[in-house]
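Descriptive structure summary
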Amino acid sequence: MVPIYYIQLEDKNIDEGHNSNNLAGLDSNFKGKKEVLVFSNHATEIKDKYASSGVKTTIYQNENFSVTNLPAVTNTLRKIFVDKANSLIVFDKCNLGNSLGSQLAAVLNVPFIYNAKDICCDQDHIIVNQDIGKTQALRKITLNDKAIISLSCNGVLSHSKNEVDIIDWECAETNAAAYVPEANSSNDLAYAKVIVAGGKGLGSPDKFKPLATLAQKLNASVGATKAVTDQGWIDKNRMIGISNLSVAPDVYYAFGISGAVQHTAGMTKSKCVIAINTDEAAPIFKLANYGIVGDANQVIKQLNELL
Amino acid sequence: MKIALIAKAEADNPKTYTSHKNKVTYHPENLFLSEEDKSALEFALQLTELKKGTIDVFTFEQNEAAERILHEALAMGATTATKVSAGNINDPLLQNQIASEFVHYLKENNENYDLILTGKTTSSAFPAAIATGLGISFYDYVSMIDTSLNYEMKLEKGKITGQCVLPAVIATLDSINVPRLASFTSLSTAINSSINNVSFKTSDEGVTSEIVAKPVKNEKAIFNLDQDPKATQKLVEILKQNGMLR
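Residues numbered from 1 in each chain as written. Chains lettered and ligands numbered in written order. Predicted model: local features only at pLDDT ≥ 70, side-chain atom pairs only at ≥ 80, totals over all residues. Heavy atoms only, no water.

Quick word on the overall build of chain B
Scanning chain B for helices and strands turns up 6 helices and 13 strands. With respect to the three principal axes, the spread of C-alpha positions in chain B is 75 × 40 × 40 Å. The proportion of buried residues among the 246 residues of chain B is 52%. Relative to all contacts within chain B whose residues are 6 or more apart in sequence, the contacts with residues 24 or more apart total 72%. Looking at chain B as shown, the accessible area adds up to about 11700 Å², and 49% of this sits on carbon and sulfur atoms. (Helix = DSSP H or I, 4+ residues; strand = E, 2+ residues; numbered from the N terminus. Buried < 20%, exposed > 50% of the residue type's maximum accessible area, 1.4 Å probe, protein only. Contact = heavy atoms within 4.5 Å. Areas by Shrake-Rupley, 256 points an atom, 1.4 Å probe, with all protein chains shown as cover.)

Focus on the overall build of chain A
Along the backbone of chain A there are 9 helices and 15 strands. Rg of the C-alpha trace for chain A: 21 Å, near the compact-globule value of 19 Å for 307 residues, within the 12% margin. By principal-axis analysis of the C-alpha atoms, chain A measures approximately 60 × 40 × 35 Å. For chain A, restricting intrachain contacts to residue pairs at least 6 apart in sequence, the fraction spanning at least 24 positions comes to 63%. (Rg over C-alpha atoms; globule rule 2.2 N^0.38 Å.)

Remarks on the side chain of S221 of chain A
All names here are of chain A. Structurally, S221 can be placed in strand β12 (residues 221-224). For S221, a relative accessible area of 8% gives the class buried. Setting aside its immediate chain neighbours within four residues, S221 contacts D188, L189, A192, V194, I195, V196 and R238.

Describing the pattern of salt bridges
Residue and element names in this part refer to chain A. Tallied over the entire structure, the rule returns 21 salt bridges over all chains. A salt bridge links K117 to D131; its shortest N-O distance comes to 3.7 Å. Taken together, the residues K117 in strand β5 (residues 112-121) and D131 in strand β6 (residues 126-131) connect sequence positions 14 residues apart. Each of the salt bridges in this network shares a partner with another, and the network as a whole consists of E35, K56 and D165. (Salt bridge = Lys/Arg side-chain N within 4 Å of Asp/Glu carboxyl O.)

Focus on the packing of aromatic side chains
Residues and elements named next belong to chain B. Overall, the coordinates contain 15 aromatic pairs over all chains when judged by the stated rule. Centroid distance F60 to F102: 5.3 Å. Interplanar angle 80°. Geometry classified as edge-to-face. Of this pair, F60 sits in the loop between β4 (54-59) and α2 (63-76) while F102 sits in helix α3 (residues 95-108), and the two are 42 residues apart along the sequence. F102 carries the same exposure label as F60, and that label is buried. Aromatic pair F102 and Y105: ring centres 6.4 Å apart, planes at 15°, arrangement stacked. With F102 and Y105 both in helix α3 and 3 residues apart, this pair spans about one turn of that helix. Residue class for F102 comes out buried when judged on its relative accessible area of 1%. (Phe/Tyr/Trp six-rings, centres within 6.5 Å; stacked < 30°, edge-to-face > 60°.)

A word on the confidence of the model for chain A
Averaged over all residues, the pLDDT of chain A is 91; the fraction at 70 or higher stands at 98%. Here helix α1 (residues 20-29) of chain A stands out as the least confident element of chain A, with mean pLDDT 78; strand β3 (residues 57-61) of chain A is the most confident, with 97. (pLDDT = per-residue confidence, 0-100.)

Topic: unusual backbone geometry
Residue P167 of chain B follows L166 of chain B across a cis peptide bond; omega there is 0°. One can find P167 of chain B in the loop between β9 (158-163) and β10 (168-172). The phi angle at N115 of chain A is positive, at roughly 45°, despite the residue not being glycine. By the element assignment, N115 of chain A lies in strand β5. Residue class for N115 of chain A comes out partly exposed when judged on its relative accessible area of 27%. In the Ramachandran plot, K21 of chain B falls in the positive-phi region, its phi being about 50° despite a non-glycine side chain. Of note, K21 of chain B is situated in the loop between β2 (17-20) and β3 (23-26).

Digging into the sheet that holds strand β13 (residues 251-255) of chain A
With respect to topology, 6 strands assemble into an open sheet ordered β12(A)-β11(A)-β13(A)-β14(A)-β15(A)-β13(B), the strand pairing being parallel. The open sheet is flanked by β12 of chain A together with β13 (221-224) of chain B, the only strands paired with a single partner. If you compare each strand with its neighbour and ignore which way they point, the axes differ by 15° on average. Alignment of strand β14 (residues 272-277) of chain A against strand β15 (residues 290-293) of chain A, held across 4 bridges, turns out to be parallel. Note on β15 of chain A: the bridge partner recorded for N277 of chain A is V293 of chain A. Packing against the sheet, helix α5 (residues 208-218) of chain A makes contact with β11 (194-198), β12 and β13 of chain A, and its axis sits at approximately 170° to β11 of chain A. Strand contacts of helix α6 (residues 231-241) of chain B: β13, β14 and β15 of chain A together with β13 of chain B, with the helix running at about 180° to β15 of chain A, the strand carrying the most contacts. (Pairing = 2+ DSSP bridges. Axes fitted to C-alpha atoms, helices over the stretch in contact; angles between N-to-C directions.)

Following this line, the structure appears as structure tokens:
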């Protein structure tokens, strides 16, 4: 089996370059030898997070490291991988991951497949499928040697313990680039890849506790409708809809949400919608890819037991 | 100032490939100069208007699409246009080789560009490979850039800002500006303008990727918990099967 290396950046000052959903999905998406390589300036603070990912992790630590210093990461990765045999290097499917992946592919002279749709691994090689824009075609790429991909894969955190090594890393002087965060960058809901949202169909504020448990299992953020936040069941900044936040997660779970347009206007960019509602005529089912007609609280309880 | 633009077709056009009964058909007649490359060319024009210079446009697209793209670029104000025949630039298995041949061509012809621009239609490694081959700086996902070369690189939750150091390869998004429209006169002139042709021989031994039809997606799956007590379990199975949950 081809060994897989997943690259993450962890900068205590800049919340970019790492994805807990991908980390959760890594173990179940790929068989064979896997390792996470993390570039960080605060290794001791993040060690526990990676120690329960289920995947062996090496953290390259330098207190002067910054996400703005991408050449330092590329140079180090080049030294690590230049002499390694057949391996697959995985970056997150985002601008930073794609940029790093393409630059590393250039210095290693290996193929880079961005935004991989799905991957099939066998003993000797890997087949990657890639969407061709919005067309009805796919590009099917067979990799027989070292290669780099970027992808997004959601999963359930295993919470199994694994080895984490911390290595002191010599990183070249930072360049003159600076980082400017977006206005809502501290709101985890705005950038979440997986969201579990609750509506009035849950019945009462204490029903958000099992929803929060499910969110933890799915490595998701919790959202809500205006009807629920107006009642004070959950904080107002959790509201998704016209009056507050628009989101574009990979997966959106809507529990007890009817699908009023004021809410759906804030989540129509979701790639996949899963709706649970007692009313089979609820508008949310028109948007949903998957769903259950039934009591949302019962489904949340069952999901918490199954996952 | 000497500027090169690598111009490409719009990557997102759903009519570029269609499929019927698992057979995929390519439609180059639907390919035009991408919005991202128009914006990149507009930036190049602003620079040359300010600092005097030339803009050489290259495309690696093939057939009628190549000529259409180059004519559009000439109509907007590019100085020269060159069609490069070198294999499929969109194939990740060929990009490094094609980039290497292009770098060799630039060096052989003493084409010392101050700036090589390309619109970010896809996230391919091609621009990075050119920058690496030439040993020059590379700036990616540039969402804002001014004529003093102050730039912003768009990330998920913010942006990296700085100033570009030339010579450089810069891959820009279409948010950098609103490109000018070519006039009817310039379009007519451009259609009659000559296009240079260059060929690179890429290795016949290389493996290439395949274009296949996308499998037909299943209809949405909605279960009923009252009628099927195992509805939740079935939902979890189908989510795992379809990659929503692993």
